[in-house]
Amino acid sequence: MQDGNIHCHIDNLARRNTDGNERIAVATAAYNAGERLWSEREQRHVDFKNREDVVYTKILLPEGAPPWAARRNDLWNRVDMTAKRRDARLAKSIEAAITRDVPERLRPALLEAFVKPFVDLGCVADVAIHEDGTDHNPHIHILLTTRVLEEDGFGGKIVALEQRAFVKQVRKNWADLTNTILEKIGSAHRVDHRSYKARGIGAVPTRHRGPDPMERRNKREHARRVRGEKEMNSPDSFERQQYPLLSRRETWPPEPAVSPDMTPEERDEHHRYWQDRKLDRLEAASLSEPAYEAPRSGPETNRKPATPEHSEKPWYEQALDNAYGEIGDGVNSTRIAAYEQSVVERAVMQEYSDREIEALQAAGKISPEVQRIAGDLILDQRMQEIREQDQREKMRVLPNEVREKIEALRPDRQDYDPDRPVPGPNGELITQRERDIAYERMLDEYLREEAEQEHER
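Residues numbered from 1 in each chain as written. Predicted model: local features only at pLDDT ≥ 70, side-chain atom pairs only at ≥ 80, totals over all residues. Heavy atoms only, no water.

Participant: How would you summarise the confidence of the model for the chain if you had to cite specific residues and measurements?
Facilitator: When pLDDT is averaged across the chain, the result is 76; 67% of the residues are at 70 or more. Across the chain, the secondary-structure element scoring lowest on mean pLDDT is helix α8 (residues 315-327), at 51, and the one scoring highest is strand β6 (residues 125-130), at 96. Considering only residues more than four positions removed or in separate chains, one finds that residues 286-309, a stretch of pLDDT under 50, has nine contacts. Scored below 50 in pLDDT, residues 326-331 makes seven contacts in the model with residues more than four places away or belonging to other chains. (pLDDT = per-residue confidence, 0-100. Helix = DSSP H or I, 4+ residues; strand = E, 2+ residues; numbered from the N terminus. Contact = heavy atoms within 4.5 Å.)

Participant: I'd like a rundown of the nonpolar core, residues and numbers included.
Facilitator: One finds Ile94, Phe114, Val115, Phe118, Ile140, Ile142 and Trp174 to be the most contacted residues of the largest nonpolar core, which totals 32 residues. Only β1 (8-14), β4 (54-60), β5 (89-97), α3 (107-121), β6, β7 (139-144) and α4 (166-184) provide two or more residues apiece to this core. Not counting the four nearest positions on each side in its chain, phenylalanine 114 is found in contact with Ile94, Ile140, Ile142, Val170, Asn173, Trp174 and Leu177. In this structure, Ala30, Val46, Ala69 and Leu143 belong to the second largest nonpolar core, which totals 25 residues. (Core = buried A, V, L, I, M, F, W, Y, C linked by side-chain atoms within 4.5 Å. Buried < 20%, exposed > 50% of the residue type's maximum accessible area, 1.4 Å probe, protein only.)

Participant: Give a detailed account of the environment of proline 244, specifying residues and quantitative values.
Facilitator: Along the polypeptide, proline 244 turns up in the loop between α6 (237-242) and α7 (264-287). Proline 244 gets classed as partly exposed once you look at its relative accessible area, which sits at 32%.

Participant: Before we move on, could you go through unusual backbone geometry and cite the residues and values that matter?
Facilitator: Here glutamine 43, not a glycine, exhibits a phi torsion of approximately 55°, which is positive. By the secondary structure assignment, glutamine 43 is in the loop between β2 (36-39) and β3 (44-47).

Participant: Explain the pattern of salt bridges to me, and be specific about the residues and the numbers.
Facilitator: All chains considered together, the criterion is met by 18 salt bridges. For the salt bridge of aspartate 80 with arginine 15, the shortest nitrogen-to-oxygen distance reads 3.8 Å. Note that aspartate 80 is positioned in helix α2 (residues 72-82) and arginine 15 in the loop between β1 and α1 (25-33), a separation of 65 residues in sequence. Neither residue differs from the other here; aspartate 80 and arginine 15 are each classed as buried. Between aspartate 176 and lysine 172 there is a salt bridge, with the nearest N and O atoms lying 2.7 Å from each other. Of the two residues, aspartate 176 and lysine 172 both sit in helix α4, four residues apart, roughly one turn of that helix. Residues joined by salt bridges that share partners form a network here, namely Glu35, Arg72 and Asp126. (Salt bridge = Lys/Arg side-chain N within 4 Å of Asp/Glu carboxyl O.)

Have a look at this one:
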């Protein structure tokens, strides 16, 4: 990306390429996702599992999509088998560059927001993010189905994808979404989807050089070295905002022990940083699911695990040990942490509604601290709604018999435990009743202090 221009290329994935050779959608999907897929049309495997630059993949489904559409191999084999004509168009292909000013953690959210209008039209969007480890050329690949989804296959064409204005609108949407994120993170960089000529610039546009096998090989080797050297991390923009003093020190993340040369303000940030990490681990542990293990019979079934009578560890570390002990070794904590991070990012990216603005303005009239608490509660509510929506999407793609069994496991509202521990205002674990009382007391205290200060004036 140079001088504010953005690369966003839209094309039709046709049965015949420009050389007259036949193409299959399964091969393109395998390349984008870095997977090994079976082609029913050609009766062979297409294997791209050795790719090292695929950092994110996902299939996004329209409302009411059949379960097979969520399986990459089934989806694109049906596309290949549906297209009968020699000049058939198999899918819409979109490739776009991600400006490096967009943080890595926000790129999946940017991609999903970009494809949402296509999914709303009825397309299945198979998306991927490629990045070679050097952050030299992060970019996205999107394959869109072009026909109406039916229970057993595909129907007629989705006409909106064939409109003449489609390409221009897609490029504009990518630039607008990119600029929205750049503005939110405080970057001064902006991108433009228009050509030099349309912008009144006399420069000659550059031409994409295409793949170079030797260059790609060298980049893969360099990426491996970079990944191996990334033991010392750097704080991202969110961490710099949350811990401005700690993030300027030489060591990141900070060591668990307080450094003697830390100022009182840095010590406060250090304590808050490690409290946040412990709460993150507790939340990840509570959200994780143990690997399934068949019930065992015998004398060990009812045996309770031995616990020491006394432990020198603080209460929060004991709680973490107990949580991880109950969960077992089958938990994919990386996947859970990545999902929770995406939930936070999607919640932060949402525009404020009129009701949220009114609540924040009312809280701001009391004190900045009350406004901060109100903002946290609004974010919590958004995250809860996102999780519930994702859960509905996951349930929708399950076969009926599996869905019924999963739904039977859900606790009834009347069984909901209001005494389940949750993080309190100061990070401590308390019951939800105690948290509500604590928040009410804080508000009363701020109101009382505000009234006393007003009276003194």
